[in-house]
Amino acid sequence: MLTNVAAVLLDGAHPFELGVVCEVFGLDRSDEGLPVYDFAVASAEGPSLRTHVPGFTVSTPYGLDRLEEADLIVVPAGSHYIGRTYPPELLDALVRGAERGARVLSVCSGVFVLGAAGLLDGRRCAVHWRHARTLAERHPRAKVEPDVLYVDEDPVITSAGTAAGIDACLHIVRKEQGPEVANSIARRMIVPPHRDGGQAQYIERPLPRSQCDTVGETLVWMERHLDQEVTVEQLAARAHMSPRTYARRFQQETGTTPYRWLLRQRVLLAQELLEGTDETMDFIADRTGFGTAAALRHQFVRALGTTPHAYRRTFRGSHAA
């Protein structure tokens, strides 16, 4: 049973990611019949730690010995966690915890601490998409999944960015104490009660047009005509190039093919319409160039790992159509 939780910090800790853990496990909600956790913030580097926010420090009486009694040890994110070395005593404490059956959870860049402890070896793991390549290079024995929200490889749970940390914490509560407890905590926090760990991170990576010297004008045209059928031949004619030259230049300047770029823009537009309008799936499919609701659903699931209906509910609440 999950009763004892410790969040362990290093110098440069991110207050917001720490706050995520405190919000789920550190508040007394016994007035609502919810469990009260024996929660503590521990330091791996002395009683007072700087955060990445200037002038914001964290003080705690607890050191690494506090981890020995925890059922769950959480390593939140921190600045420079990616490139620094870690106290051997901390790495040993994390390994001991996992070996005795405690769960070890990382939030965002906290996963690099778990990697240094060897806890990612042979395991699938999640990380913020910006750090996925670095994590894979630093820890080649880890099975990095760059697009998912969180991964549960019990007793090691890893999560991507800040919101995914909330999802992972609620997943642990649901796993240990059931959906009613997890849903009640989520309701207090005003967050979705459950997002599956395998759901894709909602990543928007807009293309800097300043880097697209020769195909930039056609990118603008495609964005304005996403509902139309487009061929490489048409785009090449607009750019006054042969189709072969255009395709080569497009790949060089965008890092992808015209088809994949267009598909991504259509999915992004579908996301915007699902988040901000009550339009039907047929309308969104037509407006984004997918043609039918079935085609929209197929491409949406391929890109984001969730359906358009589920995406709309996540962003607009359970009352959304």
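- Per an unreviewed UniProt entry, the protein carries the name Helix-turn-helix domain-containing protein and comes from Streptomyces apricus.

## A look at the pattern of salt bridges
- Across all of its chains, the model carries 14 salt bridges by this definition.
- Measuring nitrogen to oxygen at the nearest pair gives 2.5 Å for the salt bridge that ties Glu176 to Arg103. Of this pair, Glu176 sits in helix H5 (residues 162-177) while Arg103 is found in strand E6 (residues 103-107), placing the two residues 73 residues apart along the sequence.
- Residue Arg103 is classed as buried on the basis of its relative accessible area, which comes to 13%.
- Ionic pairing is found between Asp152 and Lys175, a salt bridge with its closest N-O pair at 2.7 Å.

## Description of the packing of helix H1 (residues 15-25) against H5
- Following both chains from N to C, one finds H1 and H5 inclined at 25 degrees, their axes separated by 10 Å at the closest point. With respect to H5, the element H1 is oriented roughly parallel. In this structure, the crossing between H1 and H5 has a hand that is right-handed. On H5, the residues that touch Phe16, Glu17, Val20, Val24 and Phe25 of H1 are Thr162, Gly165, Ile166, Cys169 and Val173.
- Residues belonging to the contact of H1 with H5 are distributed by class as follows: seven nonpolar, two polar and one charged.

## Quick look at the packing of helix H7 (residues 216-224) against helix H10 (residues 258-276)
- Their axes nearest at 10 Å, the elements H7 and H10 cross at an angle of 40 degrees. As summarised for this structure, H7 and H10 are arranged oblique, according to the angle between their axes. In the packing of H7 onto H10, the handedness of the crossing is right-handed. Counting all contacts with H7, which are made through Leu219, Met222 and Glu223, the residues of H10 involved are Trp261, Leu262 and Gln265.
- In terms of residue class, the contact of H7 with H10 is made up of four nonpolar, one polar and one charged.

## Details of the pairing of strand E2 (residues 38-43)
- Of all the six residues making up E2, five are buried; the element is thus mostly covered by neighbouring parts of the structure.
- Looking at chain direction, strand E1 (residues 4-9) and E2 are connected through six bridges and run parallel. Bridge pairing in E2 links Ala6 to Ala40.
- Note that the unit made of E1, H1 and E2 has a crossover that is right-handed.

## Some remarks on the packing of aromatic side chains
- Applying the stated criterion across every chain yields a total of four aromatic pairs.
- With a centroid separation of 5.8 Å and 50 degrees between ring planes, the pair formed by Tyr246 and Phe250 is classed as tilted. Highlighted residues: Tyr246 and Phe250, both in helix H9 (residues 243-254), separated by four residues, approximately one helical turn.
- Ring pairing ties together the aromatic residues Tyr246, Phe250 and Trp261, which thus form one cluster.
- The side chain of Arg66 reaches across the aromatic face of Tyr62, ending 6.0 Å from its centre.

Analysis parameters
- Residues numbered from 1 in each chain as written.
- Predicted model: local features only at pLDDT ≥ 70, side-chain atom pairs only at ≥ 80, totals over all residues.
- Heavy atoms only, no water.
- Salt bridge = Lys/Arg side-chain N within 4 Å of Asp/Glu carboxyl O.
- Helix = DSSP H or I, 4+ residues; strand = E, 2+ residues; numbered from the N terminus.
- Buried < 20%, exposed > 50% of the residue type's maximum accessible area, 1.4 Å probe, protein only.
- Axes fitted to C-alpha atoms, helices over the stretch in contact; angles between N-to-C directions.
- Parallel < 35°, antiparallel > 145°, perpendicular 65-115°, else oblique.
- Left-handed = near helix turned anticlockwise from the far one by under 90°.
- Contact = heavy atoms within 4.5 Å.
- Nonpolar A, V, L, I, M, F, W, Y, C, P; charged D, E, K, R; others polar.
- Pairing = 2+ DSSP bridges.
- Right-handed = clockwise from strand over helix to strand, strands pointing away.
- Phe/Tyr/Trp six-rings, centres within 6.5 Å; stacked < 30°, edge-to-face > 60°.
- Lys NZ or Arg CZ within 6 Å of the ring centre and 35° of its normal.

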